[in-house]
Amino acid sequence: MDDRVLRGFKDFLLRGNVVDLAVAVVIGAAFTAVVNAFADSFLTPLIGLVGGGGQLGGSFEINGQTFAWGAFLSQVITFALTAAVVYSLVVVPMKKLMERRRRAEEPGPAQPTQVELLIEIRDLLRRQQGAGHGPARSGPGTTTLPGPL
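The shown structure was predicted, so the numbers you read here are calculated from the model rather than taken from an experiment. (Residues numbered from 1 in each chain as written. Predicted model: local features only at pLDDT ≥ 70, side-chain atom pairs only at ≥ 80, totals over all residues. Heavy atoms only, no water.)

Participant: So what exactly am I meant to see when it comes to the overall build of the protein here?
Facilitator: Within the protein one finds four helices and two strands. In sequence order, the secondary structure elements of the protein are arranged as α-α-β-β-α-α. A total of 149 residues make up the protein; the buried ones form 11% of that total. Within the protein, contacts between residues separated by at least 24 positions form 27% of all contacts whose residues are at least 6 apart in sequence. (Helix = DSSP H or I, 4+ residues; strand = E, 2+ residues; numbered from the N terminus. Buried < 20%, exposed > 50% of the residue type's maximum accessible area, 1.4 Å probe, protein only. Contact = heavy atoms within 4.5 Å.)

So, in structure tokens, the structure goes:
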């Protein structure tokens, strides 16, 4: 593979958003397994007991067709519990964080200064023109050496 492709792929993977998203997917899958186990182990049997108990608790039959209303109700409760947990553990804290940032109580991500941006632009232009890949020859606190930009 081309070195540029590998470097670009590495940069893509090491971006904060990609890593955060991967962690969220893994935690979401684990949380889903826990909630489904809770529903299968506790909710569905409890609904079956409330629905009359026994083998047909939580379901009824009409003309040979079985309607498993207990399983459906269990999934609705599971969805509501999942939504409540996600709302309380993710949405509410994010809203509070964004509100604090709007009120300037908590600083957002640090933005580069104009000098830092200009140095970065200069260095990129040098690399494009083939002037070298070494450290900058000028900048804040350094002396300017003669030579091409």
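Next comes the rest of the account.
Participant: What am I meant to see in a nonpolar patch on the surface here?
Facilitator: On the surface, a cluster of nonpolar side chains totalling about 660 Å² of accessible area is made up of Phe60, Ile62, Phe67, Trp69, Phe72, Leu73 and Val76. For the nonpolar patch, the elements supplying multiple residues, two or more each, are strand 1 (60-62) and helix 3 (69-102). Counting residues per element, the nonpolar patch draws most heavily on helix 3, at four residues. Following the sequence through the fold, Phe60 ends up in strand 1. (Patch = residues over 30% accessible without salt bridge, like charges linked within 9 Å, V, L, I, M, F, W, Y side chains within 5 Å. Areas by Shrake-Rupley, 256 points an atom, 1.4 Å probe, with all protein chains shown as cover. Salt bridge = Lys/Arg side-chain N within 4 Å of Asp/Glu carboxyl O.)

Participant: Can you help me understand the side chain of Ser74 in this one?
Facilitator: Position of Ser74 relative to the elements: it lies in helix 3. Note on Ser74: relative accessible area 0%, which makes it buried. In this structure Ser74 touches Ala39, Leu43, Thr44 and Ile47, once residues within four positions along its chain are discounted.

Participant: I keep staring at the packing of aromatic side chains and nothing clicks. Help me out?
Facilitator: Between two aromatic rings, the relevant description is the distance of the centres plus the angle of the planes. Applying the stated criterion across every chain yields a total of two aromatic pairs. Considering the side-chain rings of Phe38 and Phe42, the 5.7 Å spacing of their centres and the 35° angle between planes classify their relative orientation as tilted. Of the two residues, Phe38 and Phe42 both sit in helix 2 (residues 16-50), four residues apart, roughly one turn of that helix. Residue Phe42 is classed as exposed on the basis of its relative accessible area of 55%. Residues Phe60 and Phe67 carry aromatic rings whose centres are separated by 5.1 Å and whose planes lie at 20° to one another, so their mutual orientation is stacked. (Phe/Tyr/Trp six-rings, centres within 6.5 Å; stacked < 30°, edge-to-face > 60°.)

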